[in-house]
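Now for the letters of each chain:
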Amino acid sequence: MGVNVSVVAIDAGNSKTDVALIGEDGTVLATARGGGFQPPAIGVEAAIDVLAETLERACAELPAPPVLSGHVSACLANADLPVEEAELAAALEARGWGSSVEVRNDTFAILRAGVDEPRGVAVVCGAGINCVGMTPDGRTARFPAIGRISGDWGGGSGLAEEALWFAARAEDGRGDPSELARALPGHFGLDSMYGLIEALHRGTVPLGRRHELTPVLFATAEAGDPVAAGLVKRQAHEVVAMASVALDRLDLLEEEVPVLLGGSVLAARHPQLNDPIAALLAARAPKAEVRVVSEPPVLGAALLGLDRTGAGPEAHRKLRARYA
């Protein structure tokens, strides 16, 4: 006799994938972690192969072969538009991992992981920035969140780019003086922005290491540099702008509602960023409760799956307790 799997929960980011197999009563039957989900880089089918490998490892943990006749709840990076969610859902349906499939952007997993019911708003500030909101009646609020062409500003990569821009201009005189002109190249053992620009341009310092400059920006801001502090302040305003718009779209601006902060930049709990976010949001949505999400996103994918299967409150509580 096989093991009945009610929900195949998948949380797949750019750098890692988590899979959890969930029983009908909310029991976590097996879990596994695999590589990142990057369809823009390697194609949809190759990216789903990465999910398949992770799912196979989870199934191998079961005491008997799985019966995958339940629901697939997949929260995936790079599923930024509804049309992309639909395309990925069709690709997952073809794999036959369940009788039904729902694909959402991975920001929904962070939101659902942090709330006891599907009601609230989440802003994620990691490599990029995104925001989603949802209500129990199925309404959602979201943004394209694919970069500057969709009006986004900030996130770890964006902050690093801005810091480099201001530091370059501080050094050559086009901009205001800033300690960033010394701190950023100093991080790589270089003595000038000119040296760092040359190193990035010629590949001596790989472009992929630019994300290392975001913590340097925050340290410089904390030390009192006005240019760095201005960038952090703008990031706070951007987070609040996204959250406020999402709350407004869902008619939640005047309601007691959670606003969850996730992603590496916000999870670092920098006081010069998170404190202004709370203060600014209090002026826009005075009843909102702001907090950083500490629960793993795969929990959110699993809870969304239980929502879809109609599981009762006890199953939700059992699942959440497993990840507490």
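Up top is the structure.
The following paragraphs examine the structure supplied in this document. (Residues numbered from 1 in each chain as written. Predicted model: local features only at pLDDT ≥ 70, side-chain atom pairs only at ≥ 80, totals over all residues. Heavy atoms only, no water.)

## Overview of unusual backbone geometry
Part 1 of the reasoning: The backbone of Ala145 sits at a positive phi, close to 50 degrees, despite the residue not being glycine.
Part 2 of the reasoning: Looking at the secondary structure, you find Ala145 in the loop between strand 10 (140–142) and helix 5 (155–172).
Part 3 of the reasoning: The class of Ala145 is buried, set by a relative accessible area of 13%.
Part 4 of the reasoning: Unusually for a residue other than glycine, Arg269 sits at a positive phi of about 60 degrees.
Part 5 of the reasoning: Secondary-structure assignment places Arg269 in the loop between helix 10 (264–267) and helix 11 (271–284). (Helix = DSSP H or I, 4+ residues; strand = E, 2+ residues; numbered from the N terminus. Buried < 20%, exposed > 50% of the residue type's maximum accessible area, 1.4 Å probe, protein only.)

## Concerning the sheet that holds strand 2 (residues 7–12)
Part 1 of the reasoning: Judged by pairing direction, the sheet is mixed, and its five strands sit side by side in the order 4-3-2-6-7 without closing on themselves. If you trace the sheet from one side to the other, it starts and ends with strand 4 (28–34) and strand 7 (100–105), each paired once. Sheet twist, expressed as the mean angle between neighbouring strand axes with direction ignored, is 10 degrees.
Part 2 of the reasoning: Where strand 3 (residues 17–22) and strand 4 come together, six bridges link them in antiparallel fashion. Its bridge partner lying in strand 4, Thr17 is registered against Gly34.
Part 3 of the reasoning: Packed on one face of the sheet, helix 2 (residues 44–60) meets strand 2, strand 3, strand 4 and strand 6 (71–76) and runs near 140 degrees to strand 4.
Part 4 of the reasoning: On top of the sheet, helix 12 (residues 297–309) reaches strand 2, strand 3, strand 6 and strand 7; it is set at about 145 degrees to strand 2, its chief contact. (Pairing = 2+ DSSP bridges. Axes fitted to C-alpha atoms, helices over the stretch in contact; angles between N-to-C directions. Contact = heavy atoms within 4.5 Å.)

## Notes on the nonpolar core
Part 1 of the reasoning: Residues Leu180, Leu184, Met193, Leu247, Leu273, Ile277 and Leu281 are the most contacted members of the largest nonpolar core, which totals 55 residues.
Part 2 of the reasoning: Ignoring any residue separated from it by four or fewer positions in sequence, one finds Met193 in contact with Leu164, Ala167, Ala168, Glu171, Ala181, Leu184 and Pro185. (Core = buried A, V, L, I, M, F, W, Y, C linked by side-chain atoms within 4.5 Å.)

## Describing the pattern of salt bridges
Part 1 of the reasoning: In this structure the tally under the stated criterion is 20 salt bridges.
Part 2 of the reasoning: Between Glu102 and Arg104 there is a salt bridge, with the nearest N and O atoms lying 3.5 Å from each other.
Part 3 of the reasoning: Arg104 gets classed as buried once you look at its relative accessible area, which sits at 17%.
Part 4 of the reasoning: Asp137 serves as the salt-bridge partner of Arg139, at 3.1 Å between the closest nitrogen and oxygen. (Salt bridge = Lys/Arg side-chain N within 4 Å of Asp/Glu carboxyl O.)

## Some words on the sheet that holds strand 8 (residues 120–125)
Part 1 of the reasoning: A sheet is described by the order of its strands in space; here five strands give the open sequence 10-9-8-11-12, paired in mixed fashion. The open sheet terminates on both sides in strands that have one partner only, identified here as strand 10 and strand 12 (289–292). Neighbour-to-neighbour, the strand axes of this sheet turn through a mean angle of 15 degrees, independent of strand direction.
Part 2 of the reasoning: Of the strand pairs in this sheet, strand 9 (residues 129–134) and strand 10 are connected by three bridges, and their pairing is antiparallel.

## Side note on the pairing of strand 2
Working note: regular strand, side chains alternate between the two faces of the sheet.
Part 1 of the reasoning: Of all six residues making up strand 2, six are buried, and the element is well covered by its neighbours.
Part 2 of the reasoning: The alternating pattern of strand 2 places Val7, Ala9 and Asp11 on one face and Val8, Ile10 and Ala12 on the opposite face, and all of these are buried.
Part 3 of the reasoning: The pairing of strand 2 with strand 3 spans six bridges and is classified as antiparallel. The partner of Ile10 across the bridge, within strand 3, is Val19.
Part 4 of the reasoning: The hairpin turn running from strand 2 into strand 3, its antiparallel successor, is four residues long.

## Let's talk about the pairing of strand 8
Part 1 of the reasoning: When you tally the buried positions in strand 8, you get six out of six residues, the bulk of the element.
Part 2 of the reasoning: Across the two faces of strand 8 the burial is the same, with Gly120, Ala122 and Val124 and Val121, Val123 and Cys125 all buried.
Part 3 of the reasoning: With six bridges joining them, strand 8 and strand 9 adopt antiparallel strand pairing. Among the inter-strand pairings, Val121 is bridged to a residue of strand 9, identified as Gly133.
Part 4 of the reasoning: If you look at the hairpin formed by strand 8 and strand 9, you'll find three residues sitting between the two strands.
Part 5 of the reasoning: Bridge count for strand 8 against strand 11 (residues 258–262) is four bridges, and the pairing is parallel. Among the inter-strand pairings, Val124 is bridged to a residue of strand 11, identified as Gly262.

## Concerning the packing of aromatic side chains
Part 1 of the reasoning: Within this structure, the stated rule accounts for one aromatic pair.
Part 2 of the reasoning: For the ring pair Trp165 and Phe166, a centre distance of 4.9 Å and an interplane angle of 80 degrees mean the geometry is edge-to-face.
Part 3 of the reasoning: Trp165 sits in the partly exposed class, given a relative accessible area of 46%.
Part 4 of the reasoning: For Arg249, the ring lying beneath its charged end belongs to Phe143, and the centroid distance is 4.8 Å. (Phe/Tyr/Trp six-rings, centres within 6.5 Å; stacked < 30°, edge-to-face > 60°. Lys NZ or Arg CZ within 6 Å of the ring centre and 35° of its normal.)

## What about the packing of helix 5 against helix 8 (residues 213–222)?
Part 1 of the reasoning: The contact between helix 5 and helix 8 brings their axes to 8 Å, and the two run at 65 degrees. Considering how the two elements wind past one another, helix 5 and helix 8 form a crossing that is left-handed. From helix 5, Gly156, Leu159, Ala160, Ala163 and Leu164 reach across to helix 8, where they touch Leu213, Thr214, Leu217 and Phe218.
Part 2 of the reasoning: Taken together, the residues of the contact of helix 5 with helix 8 break down into seven nonpolar, two polar and no charged. (Left-handed = near helix turned anticlockwise from the far one by under 90°. Nonpolar A, V, L, I, M, F, W, Y, C, P; charged D, E, K, R; others polar.)

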